[in-house]
Amino acid sequence: MSSEFNLIDRFFVQGNLSRSDVDLGIGDDCALVSVPVDHQIAVTTDSLVAGTHFLADADPIKVGYKALASNLSDLAAMGAKPTWVSLALTLPKPDEVWLKGFCEGFFGLAKQHNVQLIGGDTTKGPLSITITVQGIVPKGEAMTRKGAHAGDDIYVTGSLGDSAAGLEILLNKPHGLQSELEKELESKHYYSSPRVELAQKIRHLCHSALDISDGLISDLGHILKQSDVSAKIDVESLPISNEVIQYYLKDSERCQKLALTSGEEYELCFTASKDNRVAIKQIATALNQNVSIIGEVSNESFTNLQSSVQLYKNKTLLDWQLSGYDHFRSEV
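All figures in this text were calculated on a predicted structure; none of them were measured in a lab.

Calculation criteria
- Residues numbered from 1 in each chain as written.
- Predicted model: local features only at pLDDT ≥ 70, side-chain atom pairs only at ≥ 80, totals over all residues.
- Heavy atoms only, no water.
- Phe/Tyr/Trp six-rings, centres within 6.5 Å; stacked < 30°, edge-to-face > 60°.
- Helix = DSSP H or I, 4+ residues; strand = E, 2+ residues; numbered from the N terminus.
- Buried < 20%, exposed > 50% of the residue type's maximum accessible area, 1.4 Å probe, protein only.
- Pairing = 2+ DSSP bridges.
- Contact = heavy atoms within 4.5 Å.
- Axes fitted to C-alpha atoms, helices over the stretch in contact; angles between N-to-C directions.
- Polar contact = N/O pair within 3.5 Å; in protein donor to acceptor, adjacent residues only side chain to side chain.
- Left-handed = near helix turned anticlockwise from the far one by under 90°.
- Nonpolar A, V, L, I, M, F, W, Y, C, P; charged D, E, K, R; others polar.
- Salt bridge = Lys/Arg side-chain N within 4 Å of Asp/Glu carboxyl O.

Peer 1: I'd love a proper account of the packing of aromatic side chains, names of residues and values included.
Peer 2: Enumeration over the complete set of coordinates arrives at six aromatic pairs. Ring centres of tyrosine 65 and tyrosine 191 lie 4.8 Å apart, and the angle between their planes is 70 degrees; on these two criteria the pair is classed as edge-to-face. With tyrosine 65 in helix H2 (residues 60-78) and tyrosine 191 in the loop between helix H5 (180-190) and helix H6 (196-202), this pair connects stretches of sequence that are 126 residues apart. Judged by relative accessible area, which is 12%, tyrosine 65 ranks as buried. For tyrosine 191, a relative accessible area of 32% gives the class partly exposed. On the numbers, 5.2 Å between centres and 90 degrees between planes, the contact of phenylalanine 106 with phenylalanine 107 is edge-to-face. Phenylalanine 106 gets classed as buried once you look at its relative accessible area, which sits at 0%. The buried category is assigned to phenylalanine 107, whose relative accessible area is 6%. Among the aromatic side chains, those forming a connected cluster through ring pairs are Trp98, Phe102, Phe106 and Phe107.

Here it is as structure tokens:
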């Protein structure tokens with residue numbers, strides 16, 4: 001049976017890349033890194049637990065990718081450049097086949113963003129993954145949730161609803177019986193695209209930002225509360241993929257509600273002055289990424305989610321009572 005140190009050497013050292021700013025990486029009690037002058041370190045930690053964030057028998061390649069992608073999306077929300085990552089992995093047993101697949105997904109994405117694994121831990125127990133990713137951002141330039149201004153446009157990146165549709169398929173239909181459309185949506189549930197590069201290029205144009213992990217309507221509420229403002233959303237402007245529209249048989253209301261509540265999208269929601277519309281659009285177009293204006297920040301003070309997020313369709317106020325994902329109420 002493989003020891004902890006053999007597993008580390010075989011799966012987490014050999015597949016790693018090497019950054020010049022890592023002075024001491026895996027193999028000691030702590031890692032040592034060098035931080036550029038006049039920069040701050042952005043740090044984020046997420047845990048993924050089997051049965052809550054992914055099925056225990058899920059493809060480990062997809063799990064490894066998703067585990068890192070969710071953290072990279074947090075860095076993107078701050079406009080930070082990803083640099084280093086630590087991994088704490090709890091396994092019921094040293095399953096080398098599972099570890100090989102996990103590392104393929106994990107390191108494949110890490111190399112795309114030039115992120116080096118610098119440490120972590122492995123232990124025995126119920127399957128869970130905890131990742132801490134660090135990034136750098138020039139001092140004073142990080143985007144935060146606090147800072148939305150009345151009159152700001154509200155933006156989202158990509159499309160919304162794909163992750164929830166994919167999860168529905170994953171839970172209700174065996175993979176062998178899925179259509180090509182269903183397979184595509186299931187894949188989107190696992191393979192999000194952290195908007196790292198876009199965020200770094202637009203951070204100077206934004207007043208506030210976060211990533212969509214618990215559903216747009218819920219996450220937008222964090223910006224509104226911390227900025228003490230409200231919002232008006234045009235549900236007809238929500239970006240919804242053709243796959244979701246087809247899957248739900250062109251039921252626009254169902255698709256729009258899904259777009260507002262779907263968790264684990266890992267797209268960005270941000271606010272910016274109307275004066276910056278052209279600049280933001282030009283940057284997004286140059287990166288071949290989609291950004292959509294879905295509403296406007298209003299000057300009413302934040303009270304609660306239901307009152308402070310007004311939903312409109314064709315200028316008619318809707319009475320939809322929606323909320324986002326709650327980790328203590330939902331499981332896969």
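Now, onward.
Peer 1: Account for the sheet that holds strand S7 (residues 153-157), with residues named and values stated.
Peer 2: One open sheet holds the seven strands; their spatial order is S8-S10-S7-S11-S9-S12-S13, and the pairing between them is mixed. Bordering the open sheet on either side are strand S8 (206-211) and strand S13 (316-317), each of which pairs with just one other strand. In this structure, S7 lies alongside strand S11 (residues 291-298), joined through five bridges in antiparallel fashion. What sits directly across from isoleucine 154, in S11, is glycine 295. In the packing of helix H7 (residues 216-227) onto the sheet, the strands contacted are S7, S8, strand S9 (230-234), strand S10 (268-272), S11 and strand S12 (309-313), and the crossing angle to S8 comes to about 140 degrees.

Peer 1: I'd like a rundown of the pairing of S12, residues and numbers included.
Peer 2: The alternating pattern of S12 places Val309, Leu311 and Lys313 on a buried face and Gln310 and Tyr312 on a face that is not buried. Here S9 pairs with S12 via four bridges, running parallel. Bridge pairing in S12 places aspartate 234 opposite tyrosine 312. Judged from the two bridges that link them, S12 and S13 form a sheet pairing that is antiparallel. Paired with tyrosine 312 across the bridge in S13 is leucine 317. In sequence, S12 turns back onto S13 through a hairpin of two residues, with asparagine 314 there showing a positive phi of about 55 degrees.

Peer 1: Can you break down the environment of threonine 44 residue by residue, with the values?
Peer 2: Inspection of the secondary structure assignment puts threonine 44 in strand S3 (residues 39-49). In the structure, threonine 44 is positioned 236 residues away from isoleucine 280 in sequence and 26 Å away in space, judged by C-alpha atoms. Excluding residues within four positions of it along the chain, threonine 44 makes contact with Asn71, Asp74, Leu75, Ile131, Thr132 and Val133. Looking at threonine 44, its side chain comes within polar contact range of the side chain of aspartate 74, at 2.9 Å.

Peer 1: I'd like to hear about the packing of H2 against helix H3 (residues 96-112), residue by residue, with values.
Peer 2: Direction vectors running N to C along H2 and H3 enclose 35 degrees, while the axes themselves pass 6 Å from each other. Two packed elements cross with a definite hand, and for H2 against H3 that hand is right-handed. Each of Pro60, Ile61, Val63, Gly64, Tyr65, Ala67, Leu68, Ala69 and Leu72 in H2 lies in contact with H3, whose residues at this interface are Trp98, Gly101, Phe102, Glu104, Gly105, Phe106, Leu109 and Ala110. For the contact of H2 with H3, the class distribution of residues is 13 nonpolar, three polar and one charged.

Peer 1: Hey, could you go over the pattern of salt bridges for me, with residue numbers and the actual values?
Peer 2: Scanning all chains against the criterion turns up 15 salt bridges. The salt bridge partner of arginine 195 is glutamate 267, with a shortest N-O separation of 2.8 Å. Of this pair, arginine 195 sits in the loop between H5 and H6 while glutamate 267 sits in the loop between helix H9 (252-261) and S10, and the two are 72 residues apart along the sequence. With relative accessibility at 14%, the residue arginine 195 sits in the buried group. Looking at glutamate 267, the relative accessible area reads 7%, which means it is buried. Note that glutamate 236 and lysine 313 form a salt bridge whose closest N and O atoms lie 4.0 Å from each other. Placement of glutamate 236 in the loop between S9 and helix H8 (242-247) and of lysine 313 in strand S12 is noted, with a sequence separation of 77 residues between them. Three or more residues joined by partner-sharing salt bridges are found here, namely Asp153, Lys274, Arg277 and Glu296.

Any functional reading would require information beyond the geometric quantities listed.
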